[in-house]
Amino acid sequence: MECVFGLVGKDFALVVADTSAVHSILVHKSNEDKIMLLDSHKLMGASGEAGDRVQFTEYIQKNVALYQFRNGIPLTTAAAANFTRGELATALRKNPYSVNILLAGYDKETGPSLYYIDYIASVHKVDKGAFGYGSYFSLAMMDRHYRSNMSVEEAVDLADKCIVEIRSRLVVAPPNFVIKIVDKDGAREYGWRETIKDTQVPAA
Amino acid sequence: MSIFEYNGSALVAMVGKNCFAIASDRRFGVQLQTIATDFQRIYKIHDKVFIGLSGLATDAQTVYQRLVFRHKLYQLREERDMKPETFASLVSALLYEKRFGPYFCQPVIAGLGDEDKPFICTMDSIGAKELAKDFVVAGTASESLYGACEAMFKPDMEPEELFETISQALLSSVDRDCLSGWGGHVYVVTPTEVTERILKGRMD
């Protein structure tokens, strides 16, 4: 029931993910951040098996950092997407990762981009993408309302529309979502959309 | 569901008078869901050899990357481009290497050989070459494509007529297949030029 979706706007890209960590019928937590900052200008929203998701995205994050240390310049979004695909493809017939990824990034030369990377390592550059059961609602919503070169307000509005659809139509809809944005100023958290707040446990 | 039908595809290549045409559909889907409608299935290896890869998208991307690598090495060593017959043998050998754990893709190879004689062939996922003098097909829409091509094909067509014939054969076949379609991508190659055209068909 994990929902990840993303879209490209005018000089920015947006990725939205739900924040529930679920095992079978139990919700462990409702504020699990599934969108990782790969570097200053890249976001990786991931959905799939919990262990694979964390392990694989951290592995990609550390390798992206290593490239920058070794070569002095950061990877482009396309290069990071192809590197991710390569790792998934190599592991596919040995020890496959069950992680679906939406990689969003901003490059000075080419602007914003979004890559859809399947768990079986199919990669495609897209303007809008989504994974999970939520994709049936969010993709349809984006097909209807998306235009190229949307402003941040319009894009977040569209993301909110998708979240409303998921909440109202998905049987086990996740309660909380996080929105992250990447543009020329970098990758950062934009906001949360919460309906359930985790209670704070007092420190012992 | 068969692994070859996971992504859905349609590919056809036809021989004309001193020219060939190779065409594909543009859908990138995951079973019943369409992810993108601008997926590239036909790749240029060099000016006179094109390969289309149908079947599982991740394996098509992997096989394409491996073939480009092998061809670039060949170009460095031999200081010339590969002939289409040689390239077909390379693809066949590459696929048979994985005989007991195959790549789930079916290539369609088209090229201009010695004296610009058109060459087309297809093979199954383990590299069994199928040479033909008229047309070859692959993908989920292959059965429809066989029928359409058999009905519409004439030998020794000029490039313009060949383009019309291959386009009509492709569009009418993918309209009967739910897993392929969303437009067409046609390359018509003569000894002097390569024409690339996008077809607009039924977008469903």
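Above: the structure in question.
Structural notes, computed from the coordinates. Sequence order as written defines the numbering, with residues in each chain counted from 1. Chain A is the first chain written and ligand 1 is the first ligand written, with later ones labelled in order. Owing to the predicted nature of the model, reporting of local features is limited to residues with pLDDT of at least 70; listing and counting of side-chain atom pairs is limited to 80 or more, with chain, interface and lining totals taken over all residues. Note that the side-chain values use all heavy atoms of the structure and ignore hydrogens as well as water.

**Observations concerning the sheet that holds strand β2 (residues 12–18) of chain A**
All names here are of chain A.
Next up, step 1: We treat two strands as partners when DSSP finds at least two bridges between them. Strands here mean DSSP runs of E at least two residues long; helices mean DSSP runs of H or I at least four residues long; both are numbered from the N terminus. Strand order across the open sheet formed by 5 strands is β10-β1-β2-β11-β12, with antiparallel pairing between neighbours. Each having just a single partner strand, β10 (128–131) and β12 (186–193) make up the two edges of the open sheet. Averaged over all pairs of adjacent strands, the angle between strand axes in this sheet comes to 15 degrees, irrespective of strand direction.
Next up, step 2: Sheet analysis places strand β11 (residues 177–183) next to β12, joined by 7 bridges and oriented antiparallel. Each bridged residue has a counterpart across the sheet, and for F177 the counterpart in β12 is R193.
Next up, step 3: The contact definition used throughout considers only heavy atoms, calling two residues in contact when any of these lie within 4.5 Å. Axes, fitted as lines to C-alpha atoms, cover a helix only where it is in contact. Angles between the N-to-C directions of the axes lie from 0 to 180 degrees. Across the sheet, helix α3 (residues 135–145) lies against β1 (4–8) and β10, angled at about 165 degrees from β10, the strand it touches most.
Next up, step 4: The sheet contacts of helix α4 (residues 152–169) involve β1, β2, β11 and β12, and relative to β2 the element is tilted by about 20 degrees.

**Concerning the pattern of salt bridges**
Next up, step 1: Salt bridges are defined as contacts in which a side-chain nitrogen from Lys or Arg sits within 4 Å of a carboxyl oxygen from Asp or Glu. Enumeration according to the criterion identifies 22 salt bridges over all chains in this entry.
Next up, step 2: Among the salt bridges present, the one from E32 of chain A reaches K29 of chain A, with a minimum N-O distance of 3.3 Å.
Next up, step 3: We note a salt bridge from D114 of chain B to K83 of chain B, for which the minimum N-O separation is 3.5 Å. One end of the pair, D114 of chain B, is in the loop between β7 (105–112) and β8 (118–123); the other, K83 of chain B, is in the loop between α1 (57–78) and α2 (84–97), with 31 residues separating them in the sequence.
Next up, step 4: Under the relative-accessibility criterion, D114 of chain B is labelled partly exposed at 47%.
Next up, step 5: When salt bridges that share partners are traced, they join E2, D18 and K34 of chain A into one network. Accessible area is worked out with a 1.4 Å probe on protein chains only. A residue is then buried under 20% of its type maximum, exposed over 50%, and partly exposed in between.

**Section: the interface of chain B and chain A**
Many descriptions give the size of an interface as the accessible area lost when the pieces come together.
Next up, step 1: With 21 residues of chain B at the contact, the number on the chain A side is 17 residues.
Next up, step 2: By buried area we mean how much accessible surface two parts lose on assembly, using a 1.4 Å probe and totalling the loss over both. Each partner contributes to the roughly 1,400 Å² buried at the junction of chain B and chain A, and carbon and sulfur atoms together form 47% of this total.
Next up, step 3: Interface area lost by chain B to chain A is led by Q33, I35 and T58 of chain B, which between them contribute 34%.
Next up, step 4: Remark: the boundary between chain B and chain A carries 1 salt bridge.
Next up, step 5: Salt-bridge contacts for D59 of chain B lead to R93 of chain A; the nearest nitrogen and oxygen are separated by 2.9 Å.
Next up, step 6: Under the rule applied, a polar contact is a pair of N or O atoms within 3.5 Å (in protein, one hydrogen donor and one hydrogen acceptor; residues adjacent in sequence only if both atoms are side-chain atoms). In this assembly, chain B and chain A are joined by 10 residue pairs in polar contact (both at pLDDT 80 or more).
Next up, step 7: The set of elements that each furnish at least two residues to the side of chain B that touches chain A consists of β3 (28–30), β4 (33–36) and α1 of chain B.
Next up, step 8: Considering only residue class, the side of chain B that touches chain A consists of 12 nonpolar, 7 polar and 2 charged. Polar here means any residue other than Ala, Val, Leu, Ile, Met, Phe, Trp, Tyr, Cys and Pro, which are nonpolar, and Asp, Glu, Lys and Arg, which are charged; Gly is therefore polar.

**Some remarks on a nonpolar patch on the surface**
Next up, step 1: Side chains of M1, Y133, Y136, V171 and V172 of chain A together with L32 of chain B sit close together on the surface and give an oily, nonpolar patch of about 680 Å² of accessible area.
Next up, step 2: For Y133 of chain A, the position within the fold is in the loop between β10 and α3.
Next up, step 3: When its relative accessible area of 49% is taken as the criterion, Y133 of chain A is described as partly exposed. Residues qualify for a patch when their relative accessible area is over 30% and they have no salt bridge, like charges being joined within 9 Å and the nonpolar side chains of Val, Leu, Ile, Met, Phe, Trp and Tyr within 5 Å. We get accessible surface area from the Shrake-Rupley algorithm with a probe of 1.4 Å; when it comes to residues, only the shown protein chains can shield them.

**Here we look at the pairing of strand β11 (residues 184–189) of chain B**
All names here are of chain B.
Next up, step 1: Across the 6 residues that make up β11, a large majority, 6, are buried.
Next up, step 2: Alternating residues of β11 divide into G184, V186 and V188 and H185, Y187 and V189, and every residue in both groups is buried.
Next up, step 3: With 6 bridges joining them, strand β2 (residues 20–25) and β11 adopt antiparallel strand pairing. The residue of β11 that forms the bridge with S24 is H185.
Next up, step 4: As paired strands, β11 and strand β12 (residues 194–199) are joined by 6 bridges and run antiparallel to one another. Paired with V189 across the strands is V194, a residue of β12.

**Regarding the environment of K180 of chain A**
All names here are of chain A.
Next up, step 1: Of note, K180 is situated in strand β11.
Next up, step 2: Residues K180 and L14, spaced 166 residues apart in sequence, show a C-alpha to C-alpha distance of 5.9 Å.
Next up, step 3: Aside from chain neighbours lying at most four places away, what touches K180 is A13, L14, V15, D33, I35, L37, L43, R188, E189 and Y190.
Next up, step 4: Of note is the side chain of K180, whose polar atom sits 2.8 Å from the backbone oxygen of I35.

**Some words on the pairing of strand β1 (residues 10–15) of chain B**
Residues in a regular strand point their side chains to alternate faces of the sheet.
All names here are of chain B.
Next up, step 1: Counted residue by residue, β1 has 6 buried out of 6 residues, so it is predominantly covered.
Next up, step 2: The two faces of β1 match: A10, V12 and M14 on one face and L11, A13 and V15 on the other face are all buried.
Next up, step 3: In this structure, β1 lies alongside strand β10 (residues 135–139), joined through 5 bridges in antiparallel fashion. From the neighbouring strand, L11 faces β10, where its bridge partner is A138.
Next up, step 4: In this structure, β1 lies alongside β2, joined through 5 bridges in antiparallel fashion. By the bridge assignment, M14 is partnered in β2 with A21.
Next up, step 5: As consecutive antiparallel partners, β1 and β2 are separated by 4 residues, and within that stretch N18 has a phi angle of approximately 55 degrees, a positive value.

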